[in-house]
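A look at the structure
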Amino acid sequence: MIPVLTALDHLFALADPIDIETVPLRAAAGRILAQSVSARRTQPPFPASSMDGYALKAVEADLHAQFKVVGESAAGHRWNGTLGPGQAVRIFTGAPVPEGADKVVIQEDVTRSGDMISITDDPGPKDNIRPAGVDFEQGMVIDAPRRLSPGDIALLASMNVPEVPVRRAPVVALISTGDELVVPGEDPGPDQIIASNTFGLAAMLEGVGARARILPIARDTESSLQTVLGLAQDADLIVTIGGASVGDHDLVAGVAAKLGMEQAFYKVAMRPGKPLMAGRLNGTAMVGLPGNPVSAMVCGAVFLTPMINAMLGLGRAPAPRIVMPLSAPLGKNGPREHYMRAIVSDGAVADAGAQDSSLLSVLARANALIIRPPHDPARDVGDLVDVLTLS
Ligand code: AMP
Ligand code: MG
């Protein structure tokens with residue numbers, strides 16, 4: 001058996017970076033910026049008022065001082081003159097500050113009568129002016145790689161960048177295997193259950209930027225599995241679920257080998273999820289996951305999500321762990337690294353109940369996995385443990 005991190009290294013070797021495409025800004029949210037981009041302009045492009053008020057000379061802005069209002073500067077419509085002594089320009093938020101002015105007195109500190117104003121409240125030291133370029137200068141760079149947040153999208157828009165180079169979404173073909181499976185909405189026979197893993201994994205992987213294709217369920221015959229694998233050839237990553245161990249009906253490894261897969265089969269020292277198969281099928285990365293629903297989802301979080309991140313150019317890193325105190329005691333762990341379904345609340349974590357790898361109700365209740373090292377002794381409330389959060 002190999003440790004999880006060793007298995008992950010084997011998988012990273014299959015996770016080639018995906019090609020780059022250019023998408024409109026409107027389609028770039030959540031995508032991975034693939035090349036750095038730079039601002040096409042300076043923002044603000046001129047000194048701008050941050051308040052509604054009167055632009056004038058700071059040295060003249062004494063309490064009770066009077067000014068003649070000589071014009072108006074509104075957002076999108078500047079006043080084109082140069083301000084002289086004793087003069088003020090009515091100004092609004094976002095408007096260019098006129099030449100000769102270096103302070104905006106807010107309208108609340110001013111009394112106006114006709115075209116005269118007087119300062120009737122202490123205007124204080126703030127100039128209420130945003131200098132040109134205070135947000136960013138032309139040429140300022142957003143570095144790649146980076147997952148684009150809504151804030152990044154707003155910044156790119158402000159930089160006048162209408163199209164963005166991003167990684168193409170890796171296409172993941174998800175294949176359930178088993179005679180007992182039907183898809184949600186179908187009428188299961190008396191010995192059948194509903195395929196859940198492909199749906200959960202599709203949701204998980206699309207959440208990190210993949211495009212999932214759920215293929216027809218492969219039956220437990222070589223020809224059915226071959227047919228479905230044939231449908232997956234144009235994917236960037238093929239994931240089979242179930243049929244991965246060594247039972248009479250576990251056909252994935254044999255069929256993949258017949259189809260020419262250069263194959264590695266690993267027994268990973270983890271719980272749940274021991275059997276894991278990986279290799280290349282006609283050049284396409286392929287991973288075989290165990291069929292038990294919780295095993296498949298834990299393997300998705302531990303192996304597939306980091307693979308997708310690597311394909312997106314985000315680097316080869318295991319799923320991030322945080323350290324947290326326990327809010328309930330734990331018994332000792334066995335010889336394999338254990339990923340326990342757990343609930344984080346109020347800054348502490350506790351196991352979520354029964355840990356059988358078929359229990360999706362427990363997984364759905366959980367929002368995290370507690371990671372126990374092999375042979376970890378029993379733990380008390382307050383002891384620190386490694387936690388992987390599930391989103
Ligand atoms: P297997 O690895 O094919 O022996 O499957 C192990 C267990 O997981 C069996 O109880 C299967 O019925 C179940 N299983 C396999 N694939 C799926 C799936 N896609 N959705 C739900 N359960 C599955
Ligand atoms: Mg099966």
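What you are looking at is a predicted structure, and each value in this text was computed from that prediction instead of being measured.

Structurally, the chain comprises domain 1 (4–17 + 169–311), domain 2 (20–43 + 135–167), domain 3 (48–130) and domain 4 (322–389). On a C-alpha basis, the centroid separation for the pair domain 1 and domain 3 is 67 Å.

By nearness alone, 14 residues border ligand 1, and Ser-176, Glu-180, Ser-196, Gly-243 and Gly-291 come closest of all. The separation between a nitrogen atom of ligand 1 and a polar side-chain atom of Ser-176 is 2.8 Å. Between ligand 1 and the protein, one listed contact pairs an oxygen atom with a backbone N or O atom of Gly-291 at 3.0 Å. Surface burial for ligand 1 is 76%, taken as the share of its 490 Å² of free accessible area covered by protein chains. Of the residues assigned to the shell around ligand 1, the class counts are five nonpolar, seven polar and two charged.

Here Pro-374 lies in the loop between strand 27 (368–372) and strand 28 (384–389). Judged by its relative accessible area of 40%, Pro-374 is partly exposed. Between the C-alpha atoms of Pro-374 and Met-116, which are 258 residues apart in sequence, the distance is 81 Å. Discounting residues that sit within four places of it in the chain, Pro-374 has contacts with Asn-333, Gly-334, Pro-335, Arg-336 and Glu-337.

So, on to helix 2 (residues 150–158). Every buried residue of helix 2 is accounted for by Asp-152, Ile-153 and Leu-156. Relative to the axis of helix 2, the buried residues are bounded by an arc of 100° and lie together on one face. Where helix 2 is buried, its residues touch strand 3 (37–38), strand 12 (141–142), strand 13 (146–147) and strand 14 (163–167). Directly beyond the C-terminal end of helix 2, a positive phi value near 65° is found at Asn-160.

A general tendency of soluble globular proteins is for nonpolar side chains to be buried together. Formed by 50 residues in total, the largest nonpolar core has its most connected members in Leu-201, Leu-237, Met-270, Phe-303, Leu-304, Ile-308 and Tyr-339. Element by element, the count of residues in this core is highest for helix 6 (residues 293–311), at 13 residues. Shared between two domains, this core holds at least three residues of each, these being domain 1 (4–17 + 169–311) and domain 4 (322–389). Aside from chain neighbours lying at most four places away, what touches Ile-308 is Pro-170, Val-172, Leu-205, Val-208, Ala-210 and Leu-237. Counting residues in hydrophobic clusters, the runner-up holds 21 residues, among them Ala-61, Trp-79, Ala-88 and Val-104.

Turning next to the sheet that holds strand 18 (residues 211–214). Sheet strands line up and pair through hydrogen bonds in the backbone, either parallel or antiparallel. Pairing in this open sheet of six strands is mixed, and the strands run 18-15-19-23-22-20 from one edge to the other. Looking along the sheet, the strands with just one partner apiece sit at the ends: strand 18 and strand 20 (262–267). In this sheet, adjacent strand axes meet at a mean angle of 20° when their direction is disregarded. On the sheet, helix 3 (residues 197–207) packs against strand 15 (171–176), strand 18, strand 19 (237–241) and strand 23 (284–289) and is oriented at approximately 165° with respect to strand 15.

Taken together, Val-183, Phe-199 and Ile-214 make up a surface patch of nonpolar side chains, about 210 Å² in accessible area. Residue position: Phe-199 is located in helix 3.

What follows deals with the packing of helix 3 against helix 6. It is at 10 Å that the axes of helix 3 and helix 6 come closest, and there the two elements cross at 30°. When the axes of helix 3 and helix 6 are compared, the pair comes out roughly parallel. In terms of crossing hand, the pair formed by helix 3 and helix 6 is right-handed. Where helix 3 abuts helix 6, its residues Asn-197, Gly-200, Leu-201, Met-204 and Leu-205 lie against Pro-293, Ala-296, Met-297, Gly-300, Ala-301, Leu-304, Thr-305 and Ile-308. Taken together, the residues of the contact of helix 3 with helix 6 break down into nine nonpolar, four polar and no charged.

The rules we used
- Throughout this description, residue numbers start from 1 for each chain and increase along the sequence as written.
- Chain A is the first chain written and ligand 1 is the first ligand written, with later ones labelled in order.
- With the structure being a predicted model, the display of local features is reserved for residues of pLDDT at least 70 and the display and counting of side-chain atom pairs for 80 or more, all residues being used for whole-chain, interface and lining totals.
- Excluding hydrogens and water, the side-chain figures rest on all heavy atoms present in the structure.
- Here the limits of each domain have been adopted from an automatic or database domain assignment.
- Throughout this document, a residue counts as near a molecule or strand when at least one of its heavy atoms sits within 4 Å of that molecule or strand.
- For this analysis, a polar contact is any N or O atom pair within 3.5 Å, provided that within protein one partner can donate a hydrogen and the other can accept it, and provided that sequence-adjacent residues contribute only side-chain to side-chain pairs.
- Residue burial considers only the protein chains on display, and all accessible areas are found by Shrake-Rupley using a 1.4 Å probe.
- Note that Gly is not counted as nonpolar here; it falls among the polar residues with everything else outside the nonpolar set of Ala, Val, Leu, Ile, Met, Phe, Trp, Tyr, Cys and Pro and the charged set of Asp, Glu, Lys and Arg.
- Runs of H or I in DSSP of at least four residues are treated as helices and runs of E of at least two as strands, each being numbered from the N terminus.
- Relative accessible area decides the class of each residue, using a 1.4 Å probe on protein chains only: under 20% of the type maximum gives buried, over 50% gives exposed, and in between gives partly exposed.
- For this analysis, residues touch if any pair of their heavy atoms sits within 4.5 Å.
- For this quantity, the arc is that covered by the directions from the helix axis to the C-beta atoms.
- Note on terminology: a nonpolar core comprises buried Ala, Val, Leu, Ile, Met, Phe, Trp, Tyr and Cys residues joined through side-chain atoms within 4.5 Å.
- We treat two strands as partners when DSSP finds at least two bridges between them.
- Structural elements are reduced to axes, namely lines fitted to C-alpha atoms, with helices fitted over the stretch in contact, and the angle between N-to-C directions of any two is expressed from 0 to 180 degrees.
- Note on patches: the residues involved have over 30% relative accessible area and no salt bridge, like charges join within 9 Å, and the nonpolar side chains Val, Leu, Ile, Met, Phe, Trp and Tyr join within 5 Å.
- Definition used for salt bridges: Asp or Glu carboxyl oxygen within 4 Å of a side-chain nitrogen of Lys or Arg.
- Should an angle lie under 35 degrees it is considered roughly parallel, over 145 roughly antiparallel, and from 65 to 115 roughly perpendicular; all remaining angles are considered oblique.
- Crossing handedness: left-handed means the near helix sits turned counterclockwise from the far one by under a right angle, and right-handed means the same turn made clockwise.

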